[in-house]
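Structural description and commentary
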Amino acid sequence: NSFVTRTNTCGELRSAHVGQKVTLYGWVQYQRQGLFLILRDFQGLTQIVIPQDEAHSHVKELLSNAPVESVVRVTGTVSPRPLGQENPKMPTGDIEVKAETAEILNSCKKLPFEIKDFIKKSEALRMQYRYLDLRSFRLQSNLRLRSHMVMRMREYLCNLHGFVDVETPTLFKRTPGGAKEFLVPSREAGKFYSLPQSPQQFKQLLMIGGLDRYFQVARCYRDEGSRPDRQPEFTQIDIEMSFVDQAGIQGLVEGLLQHSWPEERGSIVTPFPSMTYEEALAEYGTDKPDTRFGMKIVDISDVLRGSDIHFVQKALSYPRGSIRAICIPQGVRYLTNKDLESLKESAKSQFNQEIMEIIRRPDGSLKSLLTKFLGEKQQSELIQALNMQEDDVVLLAAGEHKQVCSALGAVRLLSANLLEAAGLALRDPTAFHFLWVVDFPLFLPKAENPTELESAHHPFTAPHAADASLLYSDPTKVRSQHYDLVLNGNEVGGGSIRIHSAEQQRFVLEKVLKEDSKVLSHLIEALEFGAPPHGGIALGLDRLISLIVDAPSIRDVIAFPKSFRGRDLMGNAPDYVTPEELEPYHIQVSWPLEEKEAKKN
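No experiment lies behind these values; they were computed from the predicted model shown.

Conventions and cut-offs
Residues numbered from 1 in each chain as written. Predicted model: local features only at pLDDT ≥ 70, side-chain atom pairs only at ≥ 80, totals over all residues. Heavy atoms only, no water. Domains from an automatic or database assignment. Pairing = 2+ DSSP bridges. Helix = DSSP H or I, 4+ residues; strand = E, 2+ residues; numbered from the N terminus. Axes fitted to C-alpha atoms, helices over the stretch in contact; angles between N-to-C directions. Contact = heavy atoms within 4.5 Å. Buried < 20%, exposed > 50% of the residue type's maximum accessible area, 1.4 Å probe, protein only. Core = buried A, V, L, I, M, F, W, Y, C linked by side-chain atoms within 4.5 Å.

1. So, the domain arrangement of the protein chain
Per the domain assignment, the segments of the protein chain are domain 1 (15-106), domain 2 (139-275 + 433-556) and domain 3 (293-422). Look at where the C-alpha atoms of domain 1 and domain 3 centre, and you get two points 63 Å apart.

Below, the structure is given as structure tokens:
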């Protein structure tokens, strides 16, 4: 209550305050029969008793007629609630304030929706009136938790471990590879700035500049459509250190999260477990495994190798062919035939992968199109390999290793959703399972042209020390010194040890990625002036907070987010500008024909 004219907030009055004269400011939550009014501010609710005597008739009229969500000042005396009228669900439920004077500071017109968390409203409407949505308890709580965590992170990094908080430029130039960048026109004809998708180059240059330890709450930009866990503008906790290895960065991040973790969410145990990219793909079918539940992918190639099943033998003849399966616990009980068909269809449409089911009956026997091709010994080995119990359903896939694993990984997650929707508790919503995924490939074949390579993450990642020689002979086999931090199946951070040799950086750009290294000449030249070994990481703050508060979208932890299509529905951005405003930037808009007609009309 420092620096303001209220004596207390609406959430802090208790029995100890009885008899005190207080002044409260807040919004009218609701009013009951001209007798009571609930006043709300950022901290909570207080019940105001509307006076009924003639001497305070003007106060009664004012408060009884105040529209919901009007801003009101009330001065009165704190009193205990009458016996039996206490409200144990309200922190202030033992007291009420008997109003003596009141003033409506600003009346509220008819609302587009009620300011209550349990009232459902469309996301478009919430974003159009975001300033009203921000009054909800959930958004207030999310933003305050976010603020508290960032402050604790800053304290850990700057005060405890000597990091320097440095702001890096927002206007820069295009970076090869990676996501699409927003362009910003300049007054020099044909020249554009780019908004950085991360401060990657700047943080490396800071290490070359001898700062040793850098950190920033960085705004980043990507010109791509929004998804539940992605926005065109987003925030990351950006970190870089000199003279560090992978274990050092991981230890720092684990300590950072432990220090800043909200107490009400329980404690997190460090060190976090770690697995390689290949292990994650083989057991979970993804590089961001949700380890809160089992249903791991099991390799059953050896069990079926001796069978006469045609598609099995065909799959095993591939260079990286394998037969793999997942076991869905109690699948017969919780999944319908329609569910099973939807899982198969999903694997077929997304991964072009056929899936076959095997059911274990209550009598222990197996039901499947495959059983007639399998002897008793093979059936028994299959049951043992997959630890099949009665009423379990096994989904089996055969083919190229990565395709099979990816398909089963997606089916595993869909199965978990179906099981939980049917009432089987599988993933603890209060559990937080962190995991490091390491040893990613340094390069991947381009989707549009598999004979060419692209960086699996970005072109500044150093190769694994044991694979350094392969960089020049067989770059497809090189592992990187990249590491991802995964939480409950979501990537919440990624980083790497960087290339600090100008010669190696130039080789990666020109010879492996076939990129024009001139675009990065400033960085390559900087590496020639005594660059220290360095590495870092970026944590996705929006995504991390959304997982901590169990929000369905990162838009629920950002004060003013963009819509699903990257628009600001409140301010109606992006918006048109006039030809006169574009003239200094040497830009003319070429309108599609239908838009020309629409503008005429």
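Moving on from the coordinates now.
2. Some points on the sheet that holds strand β2 (residues 36-41)
Judged by pairing direction, the barrel is mixed, and its 5 strands sit side by side in the order β1-β2-β3-β5-β4 before closing back on the first. Pairs of neighbouring strands in the sheet enclose a mean axial angle of 55°, with direction left out of account. Direction of pairing for strand β1 (residues 21-32) relative to β2: antiparallel, over a ladder of 5 bridges. The partner of V28 across the bridge, within β2, is L39. Contacts from helix α1 (residues 57-64) reach β1, β2, β3 (44-49), β4 (71-80) and β5 (95-106), with the element oriented near 75° to β5.

3. Here we look at the environment of G76
Tracing the backbone shows G76 in strand β4. On the basis of relative accessibility, which here comes to 0%, the residue G76 falls in the buried class.

4. Here's the deal with helix α5 (residues 200-208)
In an α-helix, one full turn covers 3.6 residues, which means residues spaced three or four apart are oriented alike. In terms of residue burial, α5 counts as a mostly covered element, since 8 of its 9 residues are buried. Looking only at α5, the buried set comprises Q200, Q201, F202, K203, Q204, L206, M207 and I208. Two residues or fewer after α5 comes G210, characterised by a positive phi angle close to 85°.

5. A look at the nonpolar core
Membership of the largest hydrophobic core comes to 40 residues, with the highest contact counts inside it found for L157, I239, V253, L257, F434, L485 and I537. Elements that contribute at least two residues to this core include exactly α4 (137-161), β10 (233-242), α6 (246-260), β17 (434-438), β20 (482-487), β21 (490-497), β22 (534-540) and α17 (541-548). Ranked by the residues each element gives to this core, the list is headed by α4, at 6 residues. Within the second largest apolar cluster, 22 residues are counted, among which are I297, I328, V404 and V411.

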